[in-house]
4 protein chains.
Amino acid sequence: MANQLSLGLIGAGRIGRVHAESISRISHAHIVGVADVFLENAEKCAADFGIPAAHQDPRALLDDPTIDAIVVCSSTDTHTRFIIEAAEAGKHIFCEKPIALNLADIDRALATVERCGVKLQIGFNRRFDSNFRHIHEAVKRGDIGDPHLIRITSRDPAPPPLSYVKVSGGLFLDMMIHDFDMVRYLVGAEVEELYAMGAVLIDPTIGEAGDIDTAVVSLKFANGAMGFIENSRQARYGYDQRAEVFGSKGAIESSNKTAHNTRWSTANGVMEPNPLYFFLERYLDSYTAEMRAFIDAIQQNVPTAVTGRDGRIPVVMGLAAGLSLRERRPVCLAEIAAA
Amino acid sequence: MANQLSLGLIGAGRIGRVHAESISRISHAHIVGVADVFLENAEKCAADFGIPAAHQDPRALLDDPTIDAIVVCSSTDTHTRFIIEAAEAGKHIFCEKPIALNLADIDRALATVERCGVKLQIGFNRRFDSNFRHIHEAVKRGDIGDPHLIRITSRDPAPPPLSYVKVSGGLFLDMMIHDFDMVRYLVGAEVEELYAMGAVLIDPTIGEAGDIDTAVVSLKFANGAMGFIENSRQARYGYDQRAEVFGSKGAIESSNKTAHNTRWSTANGVMEPNPLYFFLERYLDSYTAEMRAFIDAIQQNVPTAVTGRDGRIPVVMGLAAGLSLRERRPVCLAEIAAA
Amino acid sequence: MANQLSLGLIGAGRIGRVHAESISRISHAHIVGVADVFLENAEKCAADFGIPAAHQDPRALLDDPTIDAIVVCSSTDTHTRFIIEAAEAGKHIFCEKPIALNLADIDRALATVERCGVKLQIGFNRRFDSNFRHIHEAVKRGDIGDPHLIRITSRDPAPPPLSYVKVSGGLFLDMMIHDFDMVRYLVGAEVEELYAMGAVLIDPTIGEAGDIDTAVVSLKFANGAMGFIENSRQARYGYDQRAEVFGSKGAIESSNKTAHNTRWSTANGVMEPNPLYFFLERYLDSYTAEMRAFIDAIQQNVPTAVTGRDGRIPVVMGLAAGLSLRERRPVCLAEIAAA
Amino acid sequence: MANQLSLGLIGAGRIGRVHAESISRISHAHIVGVADVFLENAEKCAADFGIPAAHQDPRALLDDPTIDAIVVCSSTDTHTRFIIEAAEAGKHIFCEKPIALNLADIDRALATVERCGVKLQIGFNRRFDSNFRHIHEAVKRGDIGDPHLIRITSRDPAPPPLSYVKVSGGLFLDMMIHDFDMVRYLVGAEVEELYAMGAVLIDPTIGEAGDIDTAVVSLKFANGAMGFIENSRQARYGYDQRAEVFGSKGAIESSNKTAHNTRWSTANGVMEPNPLYFFLERYLDSYTAEMRAFIDAIQQNVPTAVTGRDGRIPVVMGLAAGLSLRERRPVCLAEIAAA
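Predicted model only: the values in this text are computed from it and were never measured. (Residues numbered from 1 in each chain as written. Chains lettered and ligands numbered in written order. Predicted model: local features only at pLDDT ≥ 70, side-chain atom pairs only at ≥ 80, totals over all residues.)

## Thoughts on the overall build of chain A
(1) Moving on: Within chain A one finds 14 helices and 15 strands.
(2) Moving on: Relative to the compact-globule value of 20 Å for 339 residues, chain A shows a C-alpha radius of gyration of 20 Å, a close match.
(3) Moving on: Principal-axis analysis of the C-alpha atoms places the extent of chain A at approximately 55 × 55 × 45 Å.
(4) Moving on: Within chain A, the fraction of its 339 residues that count as buried is 57%.
(5) Moving on: Summarising the internal contacts of chain A: among those between residues at least 6 apart in sequence, 69% fall at separations of at least 24. (Helix = DSSP H or I, 4+ residues; strand = E, 2+ residues; numbered from the N terminus. Rg over C-alpha atoms; globule rule 2.2 N^0.38 Å. Buried ≥ 20, exposed ≤ 12 C-beta atoms within 10 Å, placed from the backbone. Contact = placed C-beta atoms within 7 Å.)

## Description of the sheet that holds strand β5 (residues 92-95) of chain D
All names here are of chain D.
(1) Moving on: Read across the sheet, six strands follow the order β3-β2-β1-β4-β5-β6 without closing on themselves; strand pairing throughout is parallel. Two strands in the sheet have a free side with no partner beyond their single neighbour: β3 (53-55) and β6 (120-122). Along the sheet, successive strands turn relative to each other by an average axial angle of 25°, direction set aside.
(2) Moving on: Sheet analysis places strand β1 (residues 5-10) next to strand β4 (residues 69-72), joined by four bridges and oriented parallel. Each bridged residue has a counterpart across the sheet, and for Leu-9 the counterpart in β4 is Val-71.
(3) Moving on: Relative to the sheet, helix α12 (residues 284-299) contacts β1, β2 (29-35), β4, β5 and β6, its axis offset from that of β1 by approximately 130°. (Pairing = 2+ DSSP bridges. Axes fitted to C-alpha atoms, helices over the stretch in contact; angles between N-to-C directions.)

## So, the interface of chain D and chain B
(1) Moving on: Contacts between the two partners involve 23 residues from chain D, matched on the other side by 23 residues from chain B.
(2) Moving on: Contributing elements (two or more residues each) for the side of chain D that touches chain B: α6 (130-141), β12 (251-254) and β13 (262-266) of chain D.
(3) Moving on: In terms of residue class, the side of chain D that touches chain B is built from six nonpolar, 11 polar and six charged.
(4) Moving on: In this structure, strand β12 (residues 250-254) of chain B lies alongside β13(D), joined through four bridges in antiparallel fashion. (Nonpolar A, V, L, I, M, F, W, Y, C, P; charged D, E, K, R; others polar.)

## Description of the relation of the copies chain D and chain B
(1) Moving on: For the pair chain D and chain B, the superposition axis carries a translation of 0.0 Å, the fit reaches an RMSD of 0.0 Å, and the rotation angle comes to 180°. Seen this way, the second copy is the image of the first under a two-fold rotation axis. Nearest to the rotation axis, the C-alpha of D:Arg25 is located 3.6 Å from it, this being the minimum over chain D.
(2) Moving on: A high fraction, 100%, of the interface residues of chain D reappear at the interface in chain B, so the copies pair face to face through one surface. (Least-squares fit on C-alpha atoms with pLDDT ≥ 70 in both.)

## What about the environment of C:Asn102?
Residues and elements named next belong to chain C.
(1) Moving on: Along the chain, Asn-102 falls in the loop between β5 (92-95) and α5 (103-116).
(2) Moving on: Taking the C-beta count within 10 Å as the criterion, Asn-102 has 14 such neighbours and is therefore assigned partly exposed.
(3) Moving on: Sequence separation of Asn-102 and Leu-319 is 217 residues, and the distance between their C-alpha atoms is 8.4 Å.

## Regarding the interface of chain A and chain D
Accessible area lost during the coming together of the parts is what is often quoted as the interface size.
(1) Moving on: Taken together, the contacts link 25 residues of chain A with 25 residues of chain D.
(2) Moving on: If you list the elements that add at least two residues to the side of chain A that touches chain D, you get β7 (147-155), β8 (191-199), β9 (214-221) and β10 (226-232) of chain A.
(3) Moving on: Top contributing element to the side of chain A that touches chain D by residue count: β10(A), with five residues.
(4) Moving on: In terms of residue class, the side of chain A that touches chain D is built from 12 nonpolar, seven polar and six charged.

## Observations regarding the domain arrangement of chain A
All names here are of chain A.
(1) Moving on: Here chain A is partitioned into domain 1 (5-118) and domain 2 (128-283 + 314-338).
(2) Moving on: Distance from the C-alpha centre of domain 1 to the C-alpha centre of domain 2: 28 Å.
(3) Moving on: Listed as interface residues are seven residues of domain 1 and, on the opposing side, six residues of domain 2.
(4) Moving on: Counted by class, the side of domain 1 that touches domain 2 contains six nonpolar, no polar and one charged residues. (Domains from an automatic or database assignment.)

## Describing the packing of helix α9 (residues 176-187) of chain B against helix α13 (residues 308-327) of chain B
Residues and elements named next belong to chain B.
(1) Moving on: Running from N to C, α9 and α13 cross one another at 120°; their axes reach a closest spacing of 9 Å. By crossing handedness, the relation of α9 to α13 is classed as right-handed. From α9, Met-176, Ile-177, Phe-180, Asp-181 and Arg-184 reach across to α13, where they touch Asp-310, Ile-313, Pro-314, Met-317, Gly-318 and Ala-321.
(2) Moving on: Taken together, the residues of the contact of α9 with α13 sort by class into seven nonpolar, one polar and three charged. (Left-handed = near helix turned anticlockwise from the far one by under 90°.)

## Some points on the relation of the copies chain A and chain D
(1) Moving on: When chain A is fitted to chain D, the best match, at an RMSD of 0.0 Å, comes from turning it 180° and sliding it 0.0 Å along the axis.
(2) Moving on: The overlap is high: 100% of the interface residues of chain A also sit at the interface in chain D, so the same surface is used on both sides.

## Quick look at the nonpolar core
(1) Moving on: Of all hydrophobic cores here, the largest spans 418 residues; its most connected members are A:Ile93, B:Ile93, C:Ile93 and D:Ile93.
(2) Moving on: Residues contacting C:Ile93, with those up to four places away along its chain left out, are C:Ala69, C:Ile70, C:Val72, C:Ile83, C:Ala86, C:Ala87, C:Val113, C:Val118 and C:Leu120. (Core = buried A, V, L, I, M, F, W, Y, C linked by C-beta atoms within 7 Å.)

## Concerning the packing of α6(D) against helix α9 (residues 176-187) of chain D
All names here are of chain D.
(1) Moving on: One can describe the packing of α6 onto α9 by two numbers: an axis separation of 7 Å at closest approach and a directional angle of 40°. For the pair formed by α6 and α9, the contact residues are Phe-132, Ile-135, His-136 and Val-139 on the first element and Met-182, Tyr-185 and Leu-186 on the second.
(2) Moving on: Of the residues belonging to the contact of α6 with α9, the class tally is six nonpolar, one polar and no charged.

## Describing helix α9 (residues 176-187) of chain A
All names here are of chain A.
(1) Moving on: Look at α9: 16 Å from first C-alpha to last across 12 residues, which is about the 16 Å you get at 1.5 Å a residue.
(2) Moving on: Within α9, 12 of the 12 residues are buried, which leaves the element mostly enclosed by the surrounding structure.
(3) Moving on: Residues of α9 that are buried: Met-176, Ile-177, His-178, Asp-179, Phe-180, Asp-181, Met-182, Val-183, Arg-184, Tyr-185, Leu-186 and Val-187. (Expected span 1.5 Å × (residues − 1).)

## What about unusual backbone geometry?
(1) Moving on: The peptide bond linking A:Lys97 to A:Pro98 adopts the cis configuration, its omega dihedral lying at -10°.
(2) Moving on: Within the element layout of this structure, A:Pro98 appears in the loop between β5 (92-95) and α5 (103-116).
(3) Moving on: One non-glycine residue, A:Arg328, lies in positive phi territory at about 50°.
(4) Moving on: In this structure, A:Arg328 sits in the loop between α13 (308-327) and β15 (331-332).
(5) Moving on: Not every positive phi belongs to a glycine, and D:Asn301 is a case in point at roughly 50°.
(6) Moving on: Following the sequence through the fold, D:Asn301 ends up in the loop between α12 and α13 (308-327).

## Concerning the pairing of β5(C)
Residue and element names in this part refer to chain C.
(1) Moving on: Side chains His-92 and Phe-94 of β5 all project onto a buried face; the interleaved residues Ile-93 and Cys-95 project onto the opposite face, where all are buried too.
(2) Moving on: Relative to β5, strand β4 (residues 69-72) is paired through four bridges, and the arrangement is parallel. Note on β5: the bridge partner recorded for Ile-70 is Ile-93.
(3) Moving on: This β-α-β element, β4 to helix α4 (residues 79-88) to β5, shows right-handed connectivity.
(4) Moving on: Bridge count for β5 against strand β6 (residues 120-122) is three bridges, and the pairing is parallel. If you follow Cys-95 over to β6, its bridge partner there is Ile-122.
(5) Moving on: Crossover connection from β5 via α5 to parallel β6: handedness right-handed. (Right-handed = clockwise from strand over helix to strand, strands pointing away.)

Written as structure tokens, this is what we have:
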């Protein structure tokens, strides 16, 4: 069919499989090949989602002239390499966040994308969540007037394995990076300055690995708005994902999503269900929606919803937060961007 | 002071003390004497609320020319007697619900009130609760269009003592009578027909005493609306007092009131507080407001907010519900009113 | 693949397409042919969901030996004919509700199913909704003790076209039939007696067509519980689908589902989103879940979750409600079942 | 009566009248005299609340040997003077917040109180609000484990008059001072360091007067917890007063209080009432409760619930926040306390 899009998937781990499932539900796109450094992962993914070919070497996909676009779900340290190779092969690219943990690599990758004229969408899936999307649209429409304050409450149900913590880039670049993207998306303005506080309150081994598990970051925006993000690696009651934007005409806030909407009343109190446990449950629909948006952007030849620049700025913010925490002072994003 | 109202209180039990406290908060009225068949009750009430005189015989109040109005809080079987005696003494009357358990007594009392030209307010305090008042006003204003359906959920936290059950007139005249008043108040129309189901599901001794502890009554209104009331004598989670009116433009409903507005999230779920335990907690403000309204009606010489007729109709409804339950058929209120 | 189930779909209207989409998401089942009295419907459905064959005559499916099961989504008056023909062809059957509008046809169909030893599941999809399923399980687990009271609030956003009203069997058999199923499912006991009130409050042409648009039905259960269902054909704020079960230890209730969980605060008040608009939005997930359950029941050779008897009883209840309304008296289900 | 407490009230403005009304509801205390620099204020207050004497000169109260305690509700700049004079007159003291806008005055006042051995309670009334009290107790009980994060959302419905802004001490010492008290009360630990961001987003004349109208302050506590306070002088939807404490076992948060608990559903959405408009409505009960606590502390001879030290620390925090804002850097409280 003329308007069937052919995709290649690099990386068949957890998030790769999420995208494979999403794509299997989209009638006008299909994955023609999957590659993973562990071949058995690629083979299992191929079997589970009806993908015709499984490879160990991603070149098999990059060299396949029938493939229109590459979905990059490999480990972070390989992202820019695959972005560059895919771009040079003339393929559109969907790449998981973060693009990279340093700006030099990111800038090299984005320059190549620019030069090759392919589309790039970064995997900030939360923009496609119905709660956050609704707030974004309400703010944009002026429902709350000029934004004055924003709050992001973002807490994981449990810390990742220590092995992951060590290569993750740290809380600011691994976890809060989503929230850095979210504040830009919801307020509709850029952050100019931030101040970070962080601590190890949950697990000392996270501290020994050089990271923090709890953080509060204050933000100042170019349009005068202020706000803060708070992160914890361990909310016993589940994945806590809320936001509020307050402005000159009012406020809009979102609460968590739950598996069902019931209230159970007994002598002990009135009980409601916990939030959906973690990102795979909470953001399931958003993963499908972001992939649909990527495919639509290609087929309709319009800019992607989350550009390379949108992928770069949260990294700048994460680096600024790290610097702020180390030097115990507010940091302007311009310091980082200029570095 | 010219506009200080002098009140006499008959009955110094639980509800009498509630009204004594309410009146103590109203600057332009005061109780000058309290009477109770148990003198020590009257004396304690007088001491606690700074009432100058305590009596055993209510005649002391009825004969006191300085008293403007009588508040009748004695046992139900004495209500009509005191209404009649107070009316004949030219005093305005506030009387607790129900006026009586039979229509003949009620009609005698109301005729006397009419003849003597005094004001009478019946103690349907829930009309003064902020939730129910707001629904009443919203419906009246047309916020939900023409009313089509009404629901009253009314559940006590625990059954009354058996000794009380035996003299109470039964669930329909003791407990649901408030809800019979409420449906008229909220819908703004009269009930024409009802059908009652009842059962003993909580305590068999209630059944042995000839009463029920759980009931569902369907209602048909003169304006075409329909609805139902459900009662239980025992909600383990506390006093459940909710209503909803649905109409051609929308719906309005109330939820319970709680001692505080907090949510507590743990691995076990998200917990909110139980409803306020029982009527003294839940309707505290409404008792003060109804007494203020009574005093205002006298001082401004306007009709009372809950008239003798408003006191009579719920008794008709309670009798109709009893007949419906016994004969297992729908009953028109006209059957009872005509009896 | 040995455990791939082959299905034939009869009826490619709105609900047929809902099931076609659900099945397209289930990896171990596929539709091999679709039939519709309007061939173009069948062809469009085949094209949209990748179904290999489209027919006008359903015999093409019934005679196809490769087909394991038939999904009956045709008009109600053809349900029993296709159930019987499919059963006699040795095929398992999923059939939309109601099985038929009269018991004689239902009993003939169920007897055939019984005789032929095939599986039958009736399309009471709401049992698979996460809210109602959670209440069902909580009640079954004893979370609220013995059930005493049940309430079902069920309101459509807008009445169906008059042409549909005329052939629908009326509000009790078309709309409230879902709620009749729900009360059995949630309370875990059978209804013994009911009393129906009904009126035309929304659209007089519905009354001229011999139907009602608003109804309240009181219920008495075999286990002593009582309850009621209320229906309206027009809730301006959207599809209102709530339930509450109250028992000796507490209560559990569900609220509506919404497209997002946000609150918008302005000088005019605090606004939350309306309920999801209608059944396709509200019960989307439940349609997929019921189809999964049907396929699982076949593949694991266990009884279906909604049996022929489960399909018959709500029709008995609907007929009893109609009789109650006409004769203005409570009706025992035994009267109908025995008729 | 032996246990009747006699009080003198200095300052008959808005907050003075609030306390006069509270005391009129407390049976074991009464105000014997009121003084105000505007005699007519004192006289009106005396008339309205049945206070026997009205004065212009507060010495009349300080010299009255029958007076047990003084309630200081005059303008902030007179607080320490009256504390000192009352203490030297051997009278217990209730004083509105803040004690003063500088530490030297505060320390002089507290030293005098200490030396004279009288009791002092500072008017941080929010500690007596049922929401915040419940959170405080839950945290203390360990319901959420060790506190990790706290959030205070505190927004006024409208800015005060500019004349008030100019003498108020600024947002940090006038408005956020309540929140500085609240974080200590809720977390149960002292703040060690804070970082303040502030802006003029609502009314430029506030900026011209040298103040800000919007602020975000990050906090670091001695026990490792972190958090933030956000203030706005103008929330169009009313007085927004919420808090959340998150810890190792869970979280507890409070929502706003409203005049009634109803939901109104129409085609436009589901509407709930705005928060209670401002502090007089929202914190009415807390004012009564704090006054009861003060009187109980005297009569039972126990320490007051909000000590002089509790009054001093929020001023330190306010001064630290001002310094942080001016110097754009985090400030340790020790810097201020040592100054």
